[in-house]
Amino acid sequence: MNPLHRLPSLLLLIALTGTALGADPRSWDRSYVTLEVTYKDYDYAQPWSRPTRTVRKGALVLGGRELLTTAQHLPGATLVRVQRGGRGTWYDGRVVWTDPHANLALVTADAEAFWEGLKPAELAPVVPASPDFNLLRWRDGNLESRRVEFSKFSVREGLLSFAPRLTLEVNTELGGLGWAEAVTLNGAVVGLTAAKTGNTCQVIPSSFIRQVLDARDDGSSPGLGYFDFTWQPGDNPATLRHLRLDGPERGAVVTEVINRTNRPAVLRPRDVLLEVDGFPVDVQGDYEDPDYGYLMLENLATRRHFAGDVVPMRIWRDGTEEAVDYVLPPVTYADELVPQQSFGHDPEYLLAGGLVFQPLIQPFLRVWGDDWRRRAPFRLQHYQRDHPTPERPSLVILSTVLPDPVNLGYQDVRFLVVDQVNRRRISTLGDLAAALENPTDGVHRIEFMPGDSLQRMLLDAAETEASAPRVLQRYGIPAAQNVVDREPSSGP
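Quick caveat, the model's predicted, so the values are computed rather than measured.

So, on to the overall build of the protein. Along the protein, the regular secondary structure elements total nine helices and 28 strands. Projecting the C-alpha coordinates of the protein onto the three principal axes gives extents of approximately 95 × 70 × 45 Å. The proportion of buried residues among the 492 residues of the protein is 50%. Accessible area of the protein: about 23100 Å², with a carbon and sulfur share of 49%. Taken as two groups, the 51 positive and 63 negative side-chain charges of the protein have centres that lie 4 Å from each other.

Relative to the elements of secondary structure, Glu66 occurs in strand β3 (residues 66-69). The residues touching Glu66, leaving out its near neighbours within four places in the chain, are Leu60, Val61, Val96, Leu106, Val107, Trp115 and Arg216.

With that settled, the discussion passes to the packing of aromatic side chains. In total, this model carries 16 aromatic pairs according to the counting rule given. Their ring planes at 75° and their centres at 6.2 Å tell us that Tyr42 and Tyr44 sit as a pair that is edge-to-face. Judged by relative accessible area, Tyr44 falls into the buried class, the value being 11%. Ring geometry for Phe229 and Tyr326: centres 5.6 Å apart, planes at 85°, overall edge-to-face. A residue pair is termed long-range when its members are at least 10 positions apart, and Phe229 in strand β13 (residues 229-233) and Tyr326 in strand β20 (residues 320-327) qualify at 97 residues.

Time to look at the sheet that holds strand β1 (residues 32-40). Spatially, the six strands close up into a barrel ordered β1-β2-β3-β6-β5-β4, and their pairing is antiparallel. In this sheet, adjacent strand axes meet at a mean angle of 40° when their direction is disregarded. Pairing of β3 with strand β6 (residues 104-109) involves three bridges; the strand directions are antiparallel. The residue of β6 that forms the bridge with Thr69 is Ala105. Packed on one face of the sheet, helix α3 (residues 206-217) meets β2 (52-62), β3, β5 (91-99) and β6 and runs near 95° to β5.

Locating Trp179 in the fold gives a position in the loop between β9 (164-171) and β10 (182-185). Along the chain, Trp179 and Leu402 lie 223 residues apart, while their C-alpha atoms are 37 Å from each other. In this view, Trp179 contacts Val55, Arg56, Lys57, Gly58, His73 and Thr193; residues no more than four positions away in its chain are not counted.

A separate point is the nonpolar core. The biggest cluster of nonpolar side chains holds 40 residues, and the ones touching the most others in it are Phe133, Phe227, Phe229, Leu273 and Met313. Setting aside anything within four residues of it in sequence, one finds Phe229 in contact with Val254, Glu256, Val257, Ile258, Leu267, Leu273, Met313 and Tyr326. Counting 30 residues, the second-largest nonpolar core is a separate cluster that includes Leu60, Ala194, Ala215 and Val331.

The next point concerns the pattern of salt bridges. Enumeration according to the criterion identifies 23 salt bridges in this entry. As a salt-bridge pair, Lys40 and Asp346 come within 3.3 Å of each other at their nearest N and O atoms. Here Asp346 lies in the loop between β20 and β21 (349-352) and Lys40 lies in strand β1, a separation of 306 residues in the sequence. Judged by its relative accessible area of 17%, Asp346 is buried. Connected through shared salt-bridge partners, Arg137, Arg139, Glu144 and Arg146 make up one network.

Here α3 contains 12 residues, and its C-alpha end-to-end distance of 16 Å stays within 8% of the 16 Å for a straight helix at 1.5 Å per residue. Of the positions making up α3, those classed as buried are Ser206, Ser207, Phe208, Ile209, Gln211, Val212, Leu213 and Ala215.

With that settled, the discussion passes to the environment of Pro329. Among the structural elements, Pro329 can be located in the loop between β20 and β21. Look at Pro329 and you get buried, because its relative accessible area is 4%. The spacing of Pro329 and Gly308 is 21 residues in sequence and 6.0 Å in space, taken between C-alpha atoms.

We now examine the pairing of strand β22 (residues 355-359). Burial analysis of β22 places five of its five residues in the buried class, which makes it a mostly covered element. Side chains Leu355, Phe357 and Pro359 project from β22 onto one buried face, and the interleaved Val356 and Gln358 project onto a second face that is buried too. Two elements, β21 and β22, share three bridges in a ladder whose sense is antiparallel. Looking at the pairing, Leu351 lines up with Val356 of β22. Adjacent in sequence and paired antiparallel, β21 and β22 are bridged by two residues, among which Gly353 carries a positive phi angle near 60°. Of the strand pairs in this sheet, β22 and strand β23 (residues 396-401) are connected by five bridges, and their pairing is antiparallel. If you follow Phe357 over to β23, its bridge partner there is Leu398.

A word on helix α9 (residues 461-475). An ideal rise of 1.5 Å per residue puts 21 Å on 15 residues; α9 measures up with 21 Å between its terminal C-alpha atoms. The largest bend along α9 reaches roughly 40° and is located at Ser467, with the proline Pro469 sitting one to four residues downstream. Within α9, the full set of buried residues consists of Ala461, Thr464, Ser467, Val471 and Leu472. Close packing links the buried residues of α9 with β21, β26 (443-448) and β27 (456-460). Its side-chain oxygen placed 3.1 Å from the backbone nitrogen of Ala462, Asp460 serves as the N-cap of α9. Looking at the residues trailing α9, positive phi occurs at Gly476, about 65°.

Calculation rules
- Residues numbered from 1 in each chain as written.
- Predicted model: local features only at pLDDT ≥ 70, side-chain atom pairs only at ≥ 80, totals over all residues.
- Heavy atoms only, no water.
- Helix = DSSP H or I, 4+ residues; strand = E, 2+ residues; numbered from the N terminus.
- Buried < 20%, exposed > 50% of the residue type's maximum accessible area, 1.4 Å probe, protein only.
- Areas by Shrake-Rupley, 256 points an atom, 1.4 Å probe, with all protein chains shown as cover.
- Lys, Arg positive; Asp, Glu negative; His and termini not counted.
- Charge placed at Lys NZ, Arg CZ, Asp CG, Glu CD.
- Contact = heavy atoms within 4.5 Å.
- Phe/Tyr/Trp six-rings, centres within 6.5 Å; stacked < 30°, edge-to-face > 60°.
- Pairing = 2+ DSSP bridges.
- Axes fitted to C-alpha atoms, helices over the stretch in contact; angles between N-to-C directions.
- Core = buried A, V, L, I, M, F, W, Y, C linked by side-chain atoms within 4.5 Å.
- Salt bridge = Lys/Arg side-chain N within 4 Å of Asp/Glu carboxyl O.
- Expected span 1.5 Å × (residues − 1).
- Bend = angle between axes of the 7 residues up to and from the residue.
- Polar contact = N/O pair within 3.5 Å; in protein donor to acceptor, adjacent residues only side chain to side chain.

Next up, the structure:
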């Protein structure tokens, strides 16, 4: 066939493809703007250090003079500015709402001139099946539009929260993504990027965004919920036979029930989850979503549900099938022994005799860089698997020792979890501050968790107190402590 005979068809195909993906970026320059965020970029290795950093990210224009973006860096923002058209005047912005667990935030600007001619973007109610999407970002003052390839829908933790939710994954070799770039199809937004690892970019899907925004608008949302139990696939036939499950192999087996709500637990270990929220659960622990295909059952905690909602379940227990109503607990960082985030205040620390004490939180572990899960001290990472208890709701570590005559011999000690100080159990820096007021026989006795290389330290109480101004001056530290007021921990 003469290649020229195929030209009209090729042109038509190119035209249709271009239209389907919304290839003309000029159609988006009134609905997609730039956000500049200056925030405190805390150095948890030196918690008294509070440098600032500025990043730029994208934001979608919504109705009601609101701009939608990801929540990353906004909880600690000191200055927010917005810009339209990728260049020109910057306008002061204000954060009006953030939900770190959903990784979403709304910003507005008071200047009338900023809003002139802007047009709200459309959020697709469902992310349609498509082999490709368009990705938009402002770059050097121009709105760049690039094609990205659909990879899959998955269920994974959010970037700022441990609560699993639906995620759209797209493949691209573009670098520098994860700053709320808009992913579009057919003239509608199907998601905002949140992170990129390798060639895979994680996108917050528009269906999830709409659900969270709708609940926020009508004031009915108590925040995301989650399943506070763990489970394993029921793909071992011997396990199902042991649990006397009749019929075809199906379901996921509950292995641990955490139940932080203090309500009677409706699930027990060894229960088999047969159906969750009306969806049958297979032996992989998946259900068939009507919009996105097979997904892990964890998604059913955030699929059209929020904390406090009742999720009906059918379970197999002790050889019989039962129906139970599971109430979704709210997602809070306090649900973790090693919290994933710590917003709302500067990093906490307490100095005593040159010893630096800090709460054990995930931001401290991230000091080891992008590969922190492999590089951070194993004995600290180990505690991420444990759950908080009333007696030990959180942990305090000795993060480092600033050499001083008062701590000679201990200069190389670091990364130890504190158990007791002066015979008082330590869960918070408030506990530690109170314990240091009561030395025994003029000595501070600091004990660490069993298994650590060093079990205890002894410091002269009078010399410890006398060393405080010397240590602050020598190391240029502005204050001996930054401790957030909390309820004292229970226990001696």
